[in-house]
Structure formats: structure tokens, C-alpha cells
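The residues making up each chain are set out below.
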Amino acid sequence: MSLLHTLHRRGLISQVSDNLGLAGHLSSGSQSVYAGFDPTAPSLQVGNLVPLLMLRRFQLAGHRPVAVLGGATGAIGDPSGRTEERTLNDAATIEDWLQGIGGQVARFVDTEGENGGLIVNNLEWTRNLDVIAFLRDVGKHFSVNAMIQRDFVRSRLEREGSGISYTEFSYVLLQAHDFLQLARRHDCRVQIGGADQWGNIVSGIDLVRRVLRKPAYALSMPLVSKSDGTKFGKSAGGAVWLDAALTSPYGFYQFWLNSTDADVVDYLRVFTLLGLEEIDAAAAAVAERPDERDAQRLLAREVTRLVHGNEAVASAQRITEALFKGDVRALGRDDLMQLEQDGMDATRLAPGTGLLAALTAAGLARSNGAARRLVDANGVRLNGEGVTDPGLNLDAGGALYGRYHVVRRGRKSWHLIVLEG
């Protein structure tokens with residue numbers, strides 16, 4: 001089965017510039033394939049896993065992945081799909097973000113071996129670019145008439161009080177120039193990207209053909225969506241990031257574990273490297289035994305392993321199991337730090353705060369009186385143990401690791417009290 005056929009079966013292909021040409025190009029030997037990643041935030045997020053994993057799929061098939069970090073393009077920002085201008089970041093911020101993003105990309109692009117990949121920064125060939133030469137050698141190949149017909153440009157021009165700056169309007173030239181430079185330097189003539197990037201990608205193909213007189217190819221991937229129409233990649237805490245400091249491995253694991261039955265099989269095809277036979281077996285399990293949620297656990301385990309490694313998977317599973325059984329004393333310090341970060345609602349209080357006041361501050365009771373009635377009814381567990389003394393104070397001596405009190409109200413309401421000071 002060819003790589004392109006497998007990608008089609010996984011639902012990973014939205015558009016191809018030249019099906020026969022691309023198939024012939026890929027079958028003629030190991031080829032370079034590139035995708036770009038702009039530093040528009042301190043970290044990539046789960047949507048970026050689609051092109052990252054696509055680069056990995058090409059590498060596993062014997063091709064050479066090229067990841068382009070947008071030190072130059074990120075200074076402008078891609079206007080595609082946006083209704084207003086991006087905020088321009090300073091050079092120091094962009095450089096700082098690039099460092100983190102580069103490490104995330106390196107988990108997917110293996111730079112060793114015969115088809116070892118490349119991770120490059122487009123600032124390398126853009127920093128000293130002469131503006132007159134750029135306008136003459138690149139700009140002359142672009143028709144303004146065609147550019148203003150693009151959906152995102154037209155919608156911005158037609159929106160009252162909006163518009164688009166020349167800076168963002170010129171983004172497509174920079175991205176096309178990246179493709180030209182990669183074709184010159186590394187004979188890279190395949191670009192991949194999201195479906196919303198198609199116009200930019202096609203412009204790069206045209207530029208390579210015009211300047212180098214060589215064929216170039218493109219493949220776009222569909223944008224991931226949820227079956228219920230809500231935005232993919234968001235959790236209760238906001239965006240789901242690949243950086244463990246922004247989204248904890250436990251929070252990351254839970255995001256995937258909470259996938260619906262309607263979405264989980266598609267996510268297994270898109271966000272894992274599992275074989276199609278194993279994914280088909282998971283689909284059968286969803287249909288036959290949905291309550292067991294085996295597919296969701298498989299998805300959460302595989303994606304967390306790809307992004308954060310085996311230790312993170314073990315930690316996420318340990319936390320999940322401990323909370324399910326109510327055995328919170330099995331949690332380690334790092335586990336509790338993940339819960340504090342984003343895994344559980346948390347309230348920070350001074351050591352010695354009374355239990356009733358703590359329950360009220362945490363929103364587990366409306367008043368101290370209601371909190372007392374809750375305790376009297378044996379409805380509160382503290383660090384895995386039942387609580388019967390409403391006069392109890394939450395101090396460091398009784399806390400897990402001298403800092404944490406895990407409170408459970410009833411069967412399902414959890415809260416983390418974090419002692420400060």
C-alpha cells in the first residue's frame with residue numbers, strides 16, 4: 001500500500017496539487033518534504049500535531065522531513081483565517097518562543113540516519129535579504145489581482161472598519177520564498193500544511209516552477225473538527241499545549257481520554273502512528289463495548305507518549321487510577337503538582353485554615369453552616385480519609401508533602417487545597 005493511499009485511508013488528505021506527479025515523485029526515491037511552524041505563541045498546540053505527525057509519517061516511509069521554524073514569517077504572522085490583524089511580537093519574544101517550539105518539533109523529526117531530517121529557521125535566508133532584490137526576483141511573479149481574490153483577503157477588505165495591512169498581505173511572498181530557498185538548498189519540492197494554508201502553498205509551487213523550471217508539489221490536510229461542532233483543541237483551561245509547563249501531561253492525557261465515541265476513531269487515525277488494523281479493532285470496541293472506553297484510553301496513551309514520553313503516560317495513568325479509587329496517598333509530589341497546575345480545581349489558603357472555611361472558599365459548600373452539615377453527614381473525605389471533626393484545621397503537618405490537601409465531596413466533586421506561606 002502506497003503512502004498516499006494510506007494517508008487517504010486515514011482521512012489525512014484534503015487537497016493535492018498533482019496526484020500523479022506527486023505519486024511519481026515520491027516513488028522515485030527518498031524526497032524532501034517540508035512543513036512550516038510559526039512562533040505565534042510560546043508553544044505549539046494539539047492542532048500542530050497533524051503536520052508534525054505527517055512529517056514523521058513521510059520519514060518512516062523513507063523520505064526526508066524538513067521542519068521550517070518561522071523566525072521570519074512569525075515576525076509578521078499568517079493572516080489566513082483571521083478576521084483582524086495579529087499583534088506583532090518583538091525579536092526577543094520570537095526567539096524565546098522558537099527555542100521551545102524547536103524542542104517540540106525535534107520529538108517528531110529524527111535528524112539522524114540516511115534520511116535524517118532537518119530543522120531550519122527561515123530567518124537564515126531572510127535576515128539579510130535585500131528588499132529591492134526581493135521585490136524584483138520574487139514580487140514580480142505575484143499578481144495583486146489574484147492575491148486580492150483570496151477568501152481571507154476579500155473578507156477582510158469587505159469587512160467594515162477592518163482591512164488588511166501591507167505587512168500581512170505580503171506574508172504569502174515570504175512563505176513562497178521559503179519554498180524556493182528549500183528547493184534550491186535541499187532539492188525540497190514537496191510542501192505540506194493545513195487546508196487553510198492552501199493558497200500560500202500553491203503560490204510557493206508556482207514560484208518554484210517559474211524560477212527554477214522544476215515541478216513542485218503540495219498536499220494539504222483537513223482541519224480537525226469535533227463532531228458536535230465545537231472547536232477542537234480547547235479544554236476548560238483554554239488551549240491544549242504541547243509544552244508540559246502550559247498543559248500538564250495529566251491534563252493533556254485527560255483531554256484525549258475525554259474524547260467522545262463519535263470522535264475517538266478519527267482521532268486515532270489522525271493523531272497516532274498506530275496501524276489501521278489496530279485502529280479498526282478499536283472502532284469495533286467502540287461499537288460493541290462503548291462503556292469500557294478502551295479506544296479513548298488507547299488514544300490518550302499513544303498521543304501522550306508521542307508528545308511527553310513513557311514516564312508522563314505512567315504518571316497520568318497513576319493519577320487517573322488514584323482518583324478513580326480514591327487512593328490519593330498513592331500520588332507523588334510531581335503528580336500533585338500536575339493536579340495543581342491544571343488537573344483539578346485548586347484553592348490556595350494559609351496553613352491552619354479551618355476545614356469549614358476551606359470548604360466554603362473552595363465552593364464545595366455555600367456557607368460554613370452548610371459545610372458543617374456536609375461534614376456531619378460524612379460527605380467529605382480529606383486526603384483519602386473520612387472527616388468527622390468540623391473543627392479540623394488544615395495545616396502542613398497533615399498535608400501531603402506538607403502542602404496539599406485533596407478534598408472530595410460526595411463521589412465525584414474533587415478539589416485541591418494548596419497551602420501557601
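Predicted model only: the values in this text are computed from it and were never measured.

Reading the values: rules and limits
- Residues numbered from 1 in each chain as written.
- Predicted model: local features only at pLDDT ≥ 70, side-chain atom pairs only at ≥ 80, totals over all residues.
- Heavy atoms only, no water.
- Salt bridge = Lys/Arg side-chain N within 4 Å of Asp/Glu carboxyl O.
- Helix = DSSP H or I, 4+ residues; strand = E, 2+ residues; numbered from the N terminus.
- Buried < 20%, exposed > 50% of the residue type's maximum accessible area, 1.4 Å probe, protein only.
- Axes fitted to C-alpha atoms, helices over the stretch in contact; angles between N-to-C directions.
- Left-handed = near helix turned anticlockwise from the far one by under 90°.
- Contact = heavy atoms within 4.5 Å.
- Nonpolar A, V, L, I, M, F, W, Y, C, P; charged D, E, K, R; others polar.
- Pairing = 2+ DSSP bridges.
- 1 Å grid on protein atoms, 1.4 Å probe; cavity = no way out; pocket = protein on both sides within 12 Å on 5 of 7 lines; lining within 4 Å.
- Points joined across faces, edges and corners; volume = space filled by probe spheres on them.
- Expected span 1.5 Å × (residues − 1).
- Patch = residues over 30% accessible without salt bridge, like charges linked within 9 Å, V, L, I, M, F, W, Y side chains within 5 Å.
- Areas by Shrake-Rupley, 256 points an atom, 1.4 Å probe, with all protein chains shown as cover.

### Let's talk about the pattern of salt bridges
Under the criterion given, the structure shown has 13 salt bridges. The partner of arginine 305 in a salt bridge is glutamate 302, and the shortest N-O contact between them spans 2.7 Å. Note that arginine 305 and glutamate 302 are positioned in helix 15 (residues 294–308) at a spacing of 3 residues, about one turn of the helix. You can call glutamate 302 buried: its relative accessible area is 12%. Its salt-bridge partner being glutamate 340, residue arginine 403 comes within 3.0 Å of it at the nearest N-O pair.

### Some details on the packing of helix 12 (residues 249–257) against helix 15
One can describe the packing of helix 12 onto helix 15 by two numbers: an axis separation of 8 Å at closest approach and a directional angle of 145 degrees. Crossing of helix 12 against helix 15: the hand is right-handed. Judged by residue contacts, Pro249, Phe252, Tyr253, Trp256 and Leu257 of helix 12 engage Gln296, Arg297, Leu299, Ala300, Arg301, Val303, Thr304, Val307 and His308 from helix 15. Of the residues assigned to the contact of helix 12 with helix 15, the class counts are 9 nonpolar, 3 polar and 2 charged.

### Section: the sheet that holds strand 15 (residues 413–419)
Strand order in the open sheet formed by 5 strands is 9-15-14-11-12, and the pairing between neighbours is mixed. Two strands bound the open sheet, and with one partner strand each, they are strand 9 (346–349) and strand 12 (385–386). In this structure, strand 11 (residues 380–382) lies alongside strand 14 (residues 404–409), joined through 3 bridges in antiparallel fashion. By the bridge assignment, leucine 382 is partnered in strand 14 with valine 407.

### Quick notes on empty space enclosed by the protein
If you walk through the whole model with that rule in mind, you get 1 cavity of 30 Å³ or more. Approximately 40 Å³ is the volume attributed to the largest cavity. The element contributing the most residues to the lining of the largest cavity is strand 14, with 3 residues. In terms of residue class, the lining of the largest cavity is made up of 3 nonpolar, 3 polar and 2 charged.

### Quick word on helix 14 (residues 276–288)
The α-helix winds at 3.6 residues per turn, so residues separated by three or four positions along the chain end up facing the same way. When the terminal C-alpha atoms of helix 14 are compared, their 18 Å separation across 13 residues agrees well with the 18 Å that a helix rising 1.5 Å per residue should span. Regarding helix 14, the residues found buried are Leu276, Ile279, Ala282, Ala285 and Val286. In this structure, the buried residues of helix 14 make contact with helix 1 (3–9), helix 13 (261–271) and helix 15.

### Looking at the layout of surface pockets
Empty space within the largest pocket amounts to approximately 1,400 Å³. Of all the secondary structure elements, the ones that give two or more residues to the lining of the largest pocket are strand 2 (32–37), helix 3 (49–60), strand 3 (64–69), helix 10 (171–186) and strand 5 (190–194). Of the residues that constitute the lining of the largest pocket, the class distribution is 21 nonpolar, 18 polar and 8 charged. In this structure, the second largest pocket encloses a volume near 810 Å³.

### Digging into the side chain of histidine 25
Within the fold, histidine 25 resides in helix 2 (residues 19–27). Classification of histidine 25 as buried rests on a relative accessible area of 7%. Excluding anything up to four places from it in sequence, histidine 25 contacts Gln31, Arg189, Val190 and Tyr217.

### Regarding a nonpolar patch on the surface
Residues Val131, Ile132, Leu135 and Tyr166 make up a contiguous nonpolar surface patch of about 430 Å² in total accessible area. Per element, the largest residue contribution to the nonpolar patch is 3 residues, and it comes from helix 6 (residues 131–137). Its location among the elements puts valine 131 in helix 6.

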